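# Structural characterization, general
For reference, the chains in residue letters:
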Amino acid sequence: MKAAVFLGPGRIEVTDIPVPEVGPGDVLVEVRAASICGTDLRIMKHGHFRIPEGTRRVLGHELTGRIVEAGADVRGFAVGDRVSVAPNVGCGVCAMCRRGLNQLCPTYDAFGITLNGGFEEYMLVPAVAIERGNLFHVPDAVGDEIAAIMEPMSCCLHGQRKVEVSPEDSVLIIGAGPIGCFHTVLAKRAGARQVIVANTRQPRLDIAGRLGADHLINVSEQDLHEEVMALTGGEGVDVVITCVSKPDVIASTTDLAGRLGRINVFSGLGDQARPAIDVNALHYQEQTLTGTTGSSVTDYGDVIGIIAESDVDLTPIITARFALDDIEAAMEHSRSGVGMKSLITFDRGGAR
Ligand SMILES: [Zn+2]
Ligand SMILES: [Zn+2]
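Residues numbered from 1 in each chain as written. Chains lettered and ligands numbered in written order. Predicted model: local features only at pLDDT ≥ 70, side-chain atom pairs only at ≥ 80, totals over all residues. Heavy atoms only, no water.

### Digging into the environment of V240
Positionally, V240 belongs in strand 14 (residues 237-242). On a C-alpha basis, the gap between V240 and Q285 in space is 14 Å, while along the polypeptide they are 45 residues apart. Residues contacting V240, with those up to four places away along its chain left out, are L172, I174, T253, L256, A257, R262, I263 and N264. (Helix = DSSP H or I, 4+ residues; strand = E, 2+ residues; numbered from the N terminus. Contact = heavy atoms within 4.5 Å.)

This is the structure we're talking about:
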């Protein structure tokens, strides 16, 4: 079968590898769509500490497909089922896993990092992932392309749960890439009374607008602080979510939030300098500064339900589709920041 194999930083090869052997507790998924994530791009650039040099790994942790083979011991899933996976498989016994926070498990396994992921024709879901609840049915109401982008949305749900977005809230989302757009949809769904989205690029802002943002701020033309104060009667917003990896943006959040403001640092900074945070704002305005990473199996399951029942069409978030052979072009499209999500789609005419 065809697979895009990561060989080390900057090196990926589309090649033939054997179809995985299916053990008694495993299922084999015929991948229908797999989405490219910033994490894939970071691994392509820098590698990953959980992928030792010399490993041949198939990346891709945002995917959906159909079960084409199920081991004799598998319960609850059968050949023909449409499925997707929550990528982080916790150990099941550590303090984080016991709290249901499998994404914080220090010894997690993950599709696309320690297990082969979705940039291949057939992906093995091992028994342990099924036992830990990482395999999900995809409802009929959710098409393959949308099912392939549920994972990043589940991370956004996890982030909004941390800052408890509610109908009382004015929410500022900084960044209108795919993540900012998912946050927009979720904040509106939570009933936030005002959702403000800021970005440097108008096309991205326009997509956030189509997905329900109440106010768009183009920060290449407008002053973010001034606009936010104008929109909030000088009070600042109740919630700020950062979806851009810029230290100065993260430093500015305490000025953009008002009294009791809750801030979620949703974007990591990699090896960039850490911003100075105005701790006096935290103190005198009783603000709360939080961060989140990834999502739990619970968040993932919940987001499937949210998407299935939602009227919001998420397809504007997908701006390009590529064949597996063209994965490097797909990654380049994602990297460019011109479009939004790039999908790898599979022509299912061929043989295994
Ligand atoms: Zn991702
Ligand atoms: Zn664990």
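Still more ground to cover, so stick around.
### A word on the coordination of the zinc ion (ligand 1)
Protein-derived coordination of the zinc ion (ligand 1) comes from C37 (SG), H61 (NE2) and E62 (OE), at a distance range of 2.1 to 2.4 Å. If you list the donors of the zinc ion (ligand 1) from N- to C-terminus, the spacing comes out as C-x23-H-E. In this pair, C37 is assigned in the loop between strand 3 (27-35) and helix 1 (38-46) and E62 in strand 5 (residues 62-70), connecting sequence segments 25 residues apart. Exposure remark for E62: the relative accessible area of 0% places this residue in the buried category. (Donors = N, O, S within 2.8 Å, 3.2 Å for Na, K, Ca; no water. Buried < 20%, exposed > 50% of the residue type's maximum accessible area, 1.4 Å probe, protein only.)

### Remarks on the coordination of the zinc ion (ligand 2)
Those protein atoms acting as donors to the zinc ion (ligand 2) are C91 (SG), C94 (SG), C97 (SG) and C105 (SG), and they sit at 2.3 to 2.4 Å. Of note is the zinc ion (ligand 2), whose four donor atoms meet at the metal with angles of 104 to 116° in an arrangement that counts as tetrahedral. The sequence pattern describing where the donors of the zinc ion (ligand 2) fall on their chain is C-x2-C-x2-C-x7-C. Of the two residues examined, C97 and C105, each falls in the buried class. (Tetrahedral: all angles 85-135°; square planar, octahedral: opposite > 155°, others 65-115°.)

### As for the domain arrangement of the protein
Split into domains, the protein comes out as domain 1 (2-149 + 314-345) and domain 2 (161-291). The straight-line distance from the C-alpha centre of domain 1 to that of domain 2 is 30 Å. In this complex, domain 1 contributes 10 residues to the contact, which on the side of domain 2 involves 11 residues. A buried area of about 900 Å², summed over both sides, lies between domain 1 and domain 2, and 75% of it is on carbon and sulfur atoms. Three residues stand out in domain 1 for area buried against domain 2, namely P316, I317 and M340, and they jointly supply 54% of the buried area on that side. On the surface where domain 1 and domain 2 come into contact, there are zero salt bridges. Across the domain 1-domain 2 interface, the total number found is three residue pairs in polar contact (both at pLDDT 80 or more). Split by residue class, the side of domain 1 that touches domain 2 holds six nonpolar, three polar and one charged. (Domains from an automatic or database assignment. Buried area = accessible area lost by both parts, 1.4 Å probe. Salt bridge = Lys/Arg side-chain N within 4 Å of Asp/Glu carboxyl O. Polar contact = N/O pair within 3.5 Å; in protein donor to acceptor, adjacent residues only side chain to side chain. Nonpolar A, V, L, I, M, F, W, Y, C, P; charged D, E, K, R; others polar.)

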